[in-house]
Amino acid sequence: MLPKKFRITVERFNQIPQKSKDYGYIFLKFKVKKSENPFPRFVFVVPKYLDKRSSTRHLTKRIIEELVREKITGIKYPMNFLIKPQKIIFKTDRPKVNEELDNLFEKINSSWKK
C-alpha cells in the first residue's frame, strides 16, 4: 500500500482546476495534473464494468499500486496521477504493466517544464 502522503482521492483530483494531460496504453489510462505538493500523488480507479467481482477489481488495484510503490522514487516532479486500467490485470500481466509505467514516468520526466 502506498503511504498516505502519496495518495489522493478522486474528488480532490477532480477539484484541481488545471486541465489534465491524458496518456493511453494497452493496459492503463493515465490523467496527469501538476501538483502543489513537493511529491507525486496517485489515485487508482478500477471501474465496475471491467469485472463485477470486487475481489478481481481489488487484485488489479493492488498489482498496480505495488508497481507504482516500487517506482515512486524515480518520479522527480510533483504531479497528481489518476490511473485507470483498461483491462483486468492478473499476475501474469505484471511485466507488461511494469513496462507501461516505465514508459509513462520516463515520458513525464523528460517532458517536465516548470
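Bear in mind that the values here come from a model prediction, so they are computed numbers and not experimental data. (Residues numbered from 1 in each chain as written. Predicted model: local features only at pLDDT ≥ 70, side-chain atom pairs only at ≥ 80, totals over all residues. Heavy atoms only, no water.)

A. Molecular detail of the side chain of R41. Residue placement: R41 occurs in strand β3 (residues 41–44). As a buried residue without a salt bridge, R41 has its nearest oppositely charged side chain in E36, at a separation of 7.8 Å. Apart from the residues within four sequence positions on either side, R41 is in contact with K5, F6, R7, I8, S35, M79, N80 and F81. (Helix = DSSP H or I, 4+ residues; strand = E, 2+ residues; numbered from the N terminus. Buried < 20%, exposed > 50% of the residue type's maximum accessible area, 1.4 Å probe, protein only. Lys, Arg positive; Asp, Glu negative; His and termini not counted. Salt bridge = Lys/Arg side-chain N within 4 Å of Asp/Glu carboxyl O. Contact = heavy atoms within 4.5 Å.)

B. Broad picture of the packing of aromatic side chains. Inspection of every chain in the model, using the stated rule, returns six aromatic pairs. Relative to F30, the ring of Y25 has its centre 5.9 Å away and its plane inclined at 80 degrees; by these criteria the two rings are edge-to-face. Overall, F30 belongs to the buried group, its relative accessible area being 1%. Aromatic pair F42 and F105: ring centres 6.4 Å apart, planes at 75 degrees, arrangement edge-to-face. Highlighted residues: F42 in strand β3 and F105 in helix α3 (residues 94–111), separated in sequence by 63 residues. A residue is classified by how much of its surface remains accessible, and F105, at 7% relative accessible area, is buried. (Phe/Tyr/Trp six-rings, centres within 6.5 Å; stacked < 30°, edge-to-face > 60°.)

C. Focus on the layout of surface pockets. In this structure, the largest pocket occupies an estimated 240 Å³ of space. Lining the largest pocket are 13 residues, and of these M1, R7, F44, K61 and E65 sit closest to its centre. Listing elements by their share of the lining of the largest pocket, those giving two or more residues are β3 and α2 (54–71). When residues of the lining of the largest pocket are assigned to their parent elements, the largest contribution, five residues, is made by α2. (1 Å grid on protein atoms, 1.4 Å probe; cavity = no way out; pocket = protein on both sides within 12 Å on 5 of 7 lines; lining within 4 Å. Points joined across faces, edges and corners; volume = space filled by probe spheres on them.)

So far we have only geometry, and geometry alone does not tell us how the molecule works.
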